[in-house]
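Fold and contact review
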Amino acid sequence: MTKTALITGITGQDGSYLAELLLEKGYVVHGIKRRASSFNTDRIDHLYQDPHERNPRLVLHYGDLTDSTNLIRIVQQIQPDEIYNLGAQSHVAVSFESPEYTANSDALGTLRILEAVRILGLTDKTRIYQASTSELYGLVQEIPQKETTPFYPRSPYGVAKLYAYWITVNYREAYGMYACNGILFNHESPRRGETFVTRKITRGLARIDAGLDQGLFMGNLDSLRDWGHARDYVEMQWRMLQQEQPEDFVIATGRQESVRRFIELTAEELGWGGIVWSGSGVEETGARRDTGATVVRIDRRYFRPAEVETLLGDPTRARERLGWTPTTTLEELVAEMVATDKEEAAKEATLRREGFTVVGSMENPPQVSIT
Ligand code: NDP
Ligand code: GDR
């Protein structure tokens, strides 16, 4: 029988990979997109199906996690077998700027989804995946982190996601719902938002390589993260909803590197031979090993009021029960991201050479933005 899924956050990085996966598996996929003043469906445009066709397998609905009336209506109309709650204000630094909105969408948004399913009497039918996060561990109490490690969030985002985590557990226990948390560590891809650190680095250095930008301003280079590929991680989101019993799982690679190392890997992939670091603290700079040009500088604005210094996951439970094995190494991830960003930069360089103005780049370089 054809299954129906609803994805909140379908226009985001994970939503786009998950939509691809579910369509490949024969699902009818519904997604919630926010109304915006310009197009915001870039990541899923390749999946678009004309709504005038008979029985399209991808259907988009306008909506927002801050609006329960709209969520109840959509869930009632679709009666989904599975809901993937990926929608969120997902940027940790931005959550310090917009803490109330972050709580509304990330914490209460999750409650609204759970309540919609309960109010509509779908608790026996609809399975729910909640996009939990390694940010719950925050000020780390144990290394590596696993499902039983105590939480200590360090940002309004982390605190909002902590509420979402527990309300999901609570609805599972109180109402017997099939609802589970995927505690996912950082996962990246060429579709990663441009202000998250990995994409900022691959895009920024690729643009420098193409002669479009001069340098990149960064925050805490010593932060340690466990980075995987988003395509691998969405497969685990799906598998979590196919188990007999709902359970929470850590998904991670078990390898940790610093932001500094990620910059070096990117420079190596670009053929620069690496980065030569000098100075320390906010005076630290990084220069291309091949030309000696300074390409990385530090800017205080990219430091967070409270930092999550070190994250390293232990995915043993997922390996044993979900058959989890990451397919992509960090080096392969960097190579894929750099290849895409080099191509983008080359296109922009060509446009510039031909005399076209490109919005949002040289005149408005990304490193000037807040994140
Ligand atoms: P993105 O930021 O790429 O995507 C977030 C999605 O949520 C976008 O589609 C966005 O819409 C949508 N959204 C934002 N606010 C609302 C709202 N109020 N109502 C409805 N939709 C909204 O995130 P990722 O794809 O990287 O992450 C997916 C989920 O997983 C998020 O919940 C994130 O917090 C969580 N997570 C991510 C990890 C990672 O490393 N990527 C790790 C652990 C958890 P729009 O396109 O219009 O902005
Ligand atoms: P994170 O991802 O906060 O882990 O949250 P991000 O890539 O933003 O930061 C990772 C680390 O890099 C440091 N850093 C910088 N970060 C950004 N964005 N820009 C910079 O210039 C910069 N310089 C250093 C940060 O301080 C941080 O330590 C991501 C999001 O996807 C969340 O939604 C998700 O829950 C977690 O991953 C797991």
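Residues numbered from 1 in each chain as written. Chains lettered and ligands numbered in written order. Predicted model: local features only at pLDDT ≥ 70, side-chain atom pairs only at ≥ 80, totals over all residues.

If you look the protein up in an unreviewed UniProt entry, it shows as GDP-mannose 4,6-dehydratase from Cyanobium gracile UHCC 0139. The protein has a UniProt comment under Function (unreviewed entry) that states "Catalyzes the conversion of GDP-D-mannose to GDP-4-dehydro-6-deoxy-D-mannose." As stated in UniProt under Cofactor (unreviewed entry), the record for the protein gives "NADP(+)". (UniProt positions renumbered as here; feature names shortened; annotations may be inferred.)

Bringing the pairing of strand S2 (residues 28–33) into the picture now. Counting buried positions along S2 yields five of six residues, so the element is predominantly enclosed. Taken together, the five bridges between strand S1 (residues 4–8) and S2 define a ladder with parallel strand orientation. Within S2, the residue paired with Thr-8 across the bridge is Ile-32. Following the backbone out of S1, through helix H1 (residues 13–24) and into the adjacent parallel S2, one traces a crossover that is right-handed. Looking at chain direction, S2 and strand S3 (residues 58–62) are connected through five bridges and run parallel. Each bridged residue has a counterpart across the sheet, and for Gly-31 the counterpart in S3 is Leu-60. (Buried ≥ 20, exposed ≤ 12 C-beta atoms within 10 Å, placed from the backbone. Helix = DSSP H or I, 4+ residues; strand = E, 2+ residues; numbered from the N terminus. Pairing = 2+ DSSP bridges. Right-handed = clockwise from strand over helix to strand, strands pointing away.)

The next subject is the sheet that holds strand S6 (residues 179–184). If you walk across this open sheet you meet the seven strands as S3-S2-S1-S4-S5-S6-S11, and the pairing is parallel. Strands with a single pairing partner mark the edges of an open sheet, and in this sheet they are S3 and strand S11 (249–251). For this sheet, the mean inter-axis angle between neighbouring strands, taken without regard to orientation, is 20°. In terms of strand pairing, S1 meets strand S4 (residues 82–85) through four bridges, oriented parallel. Bridged to Ile-7 within S4 is Tyr-84. The sheet strands contacting H1 are S1, S2, S3 and S4, and the helix crosses S2 at an angle near 165°. Against the sheet, helix H2 (residues 68–78) engages S1, S2 and S3, with an angle of about 160° to S1. (Axes fitted to C-alpha atoms, helices over the stretch in contact; angles between N-to-C directions. Contact = placed C-beta atoms within 7 Å.)

Judged by nonpolar contacts, the single largest core of 63 residues is most densely connected at Ile-7, Ala-19, Ile-128 and Ile-251. The biggest single contributor to this core is helix H5 (residues 156–175), with eight residues. Ala-206, Ile-208, Leu-270 and Val-334 belong to the second largest nonpolar core, which has 25 residues in total. (Core = buried A, V, L, I, M, F, W, Y, C linked by C-beta atoms within 7 Å.)

Taken as a whole, the protein is organised into domain 1 (4–184) and domain 2 (197–224 + 257–309 + 328–368). Taken over C-alpha atoms, the centre of domain 1 sits 31 Å from the centre of domain 2. On the domain 2 side, the residues contacting the seven residues of domain 1 number five residues. Taken together, the residues of the side of domain 1 that touches domain 2 sort by class into three nonpolar, two polar and two charged. (Domains from an automatic or database assignment. Nonpolar A, V, L, I, M, F, W, Y, C, P; charged D, E, K, R; others polar.)

Another point: the site of ligand 1. Neighbouring ligand 1 are 26 residues, the closest being Gly-9, Gly-12, Gly-87, Ala-88 and Ala-131. Looking at the shell around ligand 1, the elements that each hand over two or more residues are H1 and strand S5 (127–133). Sorting elements by how many residues they give to the shell around ligand 1 places H1 first, with three residues. Among the residues making up the shell around ligand 1, the classes are represented as seven nonpolar, 16 polar and three charged. (Near = placed C-beta within 6 Å.)

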